[in-house]
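Chain and residue survey
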Amino acid sequence: MDADAIIIGAGACGLMCAVQAGYLGKRVILLEKSDKPGAKILISGGGRCNYTNLFASAEQFISENHHFLKSAFTQWTVEDTISFFETYGISGKEKTLGQLFPDGKNAKDVVSVFTNLCEDFGHQIICEASVMDIVQGEDGFKIIFEKGAKQRSLLAPRVVVATGGLPIPKMGATDFALRYARQKGLRVVDTAPALVPLTITGKDEEWYAQLSGNSVFCEVSNDRMSFEENILFTHWGLSGPAVLQISSYWRPGEFIHIDLLPGQQVLQLIDAERTHNGKLLLSTLFNRFYPKKFSDAMGKFLPMDKQVANLTRADLDLIDQYIHHFKVKPAGDKGYDKAEVMRGGIDTATLSSKTLECKTVPGLFFGGECVDVTGWLGGYNFQWAWASGFVIAQQL
Ligand SMILES: Cc1cc2nc3c(=O)[nH]c(=O)nc-3n(C[C@H](O)[C@H](O)[C@H](O)COP(=O)(O)OP(=O)(O)OC[C@H]3O[C@@H](n4cnc5c(N)ncnc54)[C@H](O)[C@@H]3O)c2cc1C
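Keep in mind that this is a model prediction, so the values were computed, not measured. In this numbering scheme, every chain counts its residues from 1 along its sequence in written order. At least 70 in pLDDT is required for a residue's local features to be given in this predicted model, at least 80 for side-chain atom pairs to be given and counted, and no such filter applies to totals for whole chains, interfaces and linings, which use all residues. As a convention, hydrogens and water are excluded, and side-chain values are obtained from all of the structure's heavy atoms.

Let us now look at the site of the ligand. Distances are taken per atom, and a residue is near a molecule or strand as soon as one of its heavy atoms is within 4 Å of it. Among the 34 residues in the neighbourhood of the ligand, the closest are listed as Cys13, Glu32, Thr174, Glu369 and Phe382. Two N or O atoms form a polar contact when they lie within 3.5 Å of each other; inside protein one atom must be a possible hydrogen donor and the other a possible acceptor, and for residues adjacent in sequence the pair counts only when both atoms belong to side chains. Between the ligand and the protein, one listed contact pairs a nitrogen atom with a backbone N or O atom of Lys33 at 3.0 Å. The separation between an oxygen atom of the ligand and a polar main-chain atom of Phe382 is 2.8 Å. Secondary structure elements are taken from DSSP: a helix is a run of H or I of four residues or more, a strand is a run of E of two residues or more, and numbering for both begins at the N terminus. Counting only elements with at least two residues in the shell around the ligand, the list comes to α1 (12-23), α2 (39-43), β8 (129-137) and α13 (380-393).

Listed below in structure tokens is the structure:
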């Protein structure tokens with residue numbers, strides 16, 4: 001045997017798994033397709049790495065089985081993530097909505113915690129090693145990979161597949177986990193880009209494009225979920241945290257609904273002005289809540305140059321409709337090139353929720369994004385990656 005376990009993928013889950021296995025005295029080898037470990041950690045949170053969320057619970061995840069992650073989240077909590085990083089000099093600073101970032105440090109420092117520990121434990125990380133297949137024999141798992149032009153193999157009694165999801169193929173994302181799972185007869189829940197910008201095409205495209213770069217605080221919702229955060233207009237459609245969040249719940253052909261003034265009633269605000277400041281232009285009132293460019297663009301639908309005292313009943317109905325019930329039918333999404341995560345993945349029913357071991361193939365484990373557990377924006381996906389890596393390590 002070459003090691004106690006081979007971990008395929010030196011991303012968030014694989015690195016945490018290796019380090020936790022090291023604490024338990026196990027020796028592992030990591031195989032990583034890219035030229036460096038933790039590539040996605042390095043670009044996460046704009047290079048600052050939103051490494052967990054203070055409020056992480058099953059509520060903020062999409063999965064066919066909402067209860068599945070609870071065991072892992074009990075074994076490895078948010079507090080465990082926080083104190084793990086604190087031990088190695090990274091303390092957390094909350095940005096907003098429970099999102100924790102390294103205080104005064106960045107994503108590079110997060111990756112260094114893992115690479116330094118792997119070195120201390122004597123774990124080998126083999127980069128530019130693309131795993132092609134796993135062959136199960138009586139004496140364990142033979143992991144076949146390409147390194148340079150050569151095909152090589154390693155043998156171990158246990159194998160961890162932590163090859164992530166499909167987003168950002170140019171960074172090394174592969175469908176290896178999904179392909180191998182299917183080869184083993186395991187069901188894969190339909191996958192799709194998630195936390196992804198949405199596109200607008202056709203006659204509306206120009207209206208959105210003129211607003212490119214402007215953001216507005218909104219409530220964005222559909223029949224399944226709603227989020228109150230900023231939306232960002234782009235030259236091809238909509239992005240920003242609220243849109244990324246709802247994209248995970250959006251299906252092609254559906255509308256999304258936008259309340260452009262959440263928590264307030266536009267007609268009440270207009271009414272208040274009408275009694276003592278009737279000459280106020282609707283555009284001036286809107287400029288108090290929105291970027292001027294946005295107020296100007298709303299002139300396509302609303303009588304922005306009317307004084308509030310002169311607004312008719314029909315005007316008011318129209319204003320209420322546009323401000324609180326703005327409807328958008330995205331043409332599509334920006335796909336895996338721009339998605340932060342993948343929705344769907346290996347069916348949780350095929351894995352033990354306590355250990356993440358495959359029920360039908362003892363010794364085979366799946367963790368991280370390749371499993372049908374998809375978090376919201378805000379540090380949730382890393383919390384799942386760390387927790388699943390920890391849980392698997394206990395079994396190696
Ligand atoms: C731009 C961006 C920003 C993000 N920001 C955040 C954030 O701030 N907070 C947050 O919680 N989440 C964030 N995410 C999501 C988060 O990065 C992922 O959910 C998380 O990295 C998943 O961990 P993982 O270990 O499952 O997969 P990954 O971290 O993707 O690691 C999988 C590894 O496996 C390797 N691999 C793939 N196939 C093979 C193969 N055949 N052989 C060998 N190696 C292989 C890949 O190269 C990769 O390094 C972000 C994602 C993106 C794209």
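A side-chain nitrogen of Lys or Arg and a carboxyl oxygen of Asp or Glu constitute a salt bridge if their distance falls within 4 Å. Evaluation of the coordinates by the stated rule reveals eleven salt bridges. A salt bridge links Glu254 to Arg224, with the shortest nitrogen-to-oxygen separation between them at 2.7 Å. Taken together, the residues Glu254 in the loop between α8 (241-247) and β17 (256-259) and Arg224 in the loop between β14 (215-221) and β15 (226-234) connect sequence positions 30 residues apart. For every residue, the accessible area (1.4 Å probe, protein chains only) is compared with the maximum for its type, and the residue is labelled buried under 20%, exposed over 50%, or partly exposed between those bounds. Looking at Arg224, the relative accessible area reads 41%, which means it is partly exposed. Across the pair Asp315 and Lys306 runs a salt bridge whose closest N-O atoms are separated by 2.5 Å. The class for Asp315 is buried, based on a relative accessible area of 12%. Judged by its relative accessible area of 28%, Lys306 falls in the partly exposed class. Overlapping salt bridges, with partners in common, bring together Glu64, Arg187 and Asp347 in one network.

Strand order in this open sheet of seven strands is β18-β17-β14-β15-β16-β13-β19, and the pairing throughout is antiparallel. Where the open sheet ends on each side, the last strands, each with one partner, are β18 (326-328) and β19 (332-333). As paired elements, strand β13 (residues 198-199) and strand β16 (residues 237-239) share two bridges and run antiparallel to each other. Across the sheet, residue Leu198 finds its bridge partner in β16, namely Leu238. Contacts are residue-level and defined by heavy atoms, with any inter-residue pair within 4.5 Å sufficient. Orientation is described by axes fitted as lines to C-alpha atoms, over the contacting stretch for helices, and by angles from 0 to 180 degrees between their N-to-C directions. Across the sheet, helix α12 (residues 313-324) is in contact with β17 and β18; its angle to β17 comes to roughly 115°. Two strands are counted as paired when DSSP detects at least two bridges linking them.

Let us now look at the sheet that holds β8. The strand order β8-β9-β10 describes an open sheet built from three strands, whose pairing is antiparallel. Because the sheet does not close on itself, it has two edges, and the strands there are β8 and β10 (150-156). Sheet twist, expressed as the average angle between the axes of neighbouring strands with direction ignored, equals 25°. Across seven bridges, strand β9 (residues 140-147) lies against β10 in antiparallel orientation. Each bridged residue has a counterpart across the sheet, and for Ile144 the counterpart in β10 is Ser153.

Where α1 meets α13, the axes come as close as 7 Å, and the angle between the chain directions of the two elements is 35°. Handedness of the crossing formed by α1 with α13: right-handed. In this structure, α1 contributes Ala12, Cys13, Met16, Cys17, Gln20 and Ala21 to the contact, and α13 contributes Phe382, Ala385, Trp386, Ser388, Gly389, Phe390, Ile392 and Ala393. Residues are sorted three ways: Asp, Glu, Lys and Arg are charged, Ala, Val, Leu, Ile, Met, Phe, Trp, Tyr, Cys and Pro are nonpolar, and all the rest, Gly among them, are polar. Its residues assigned to classes, the contact of α1 with α13 comprises eleven nonpolar, three polar and no charged. By the definition used in this description, the sense in which the near helix is turned from the far one sets the handedness, with an anticlockwise turn below a right angle giving left-handed and a clockwise turn giving right-handed.

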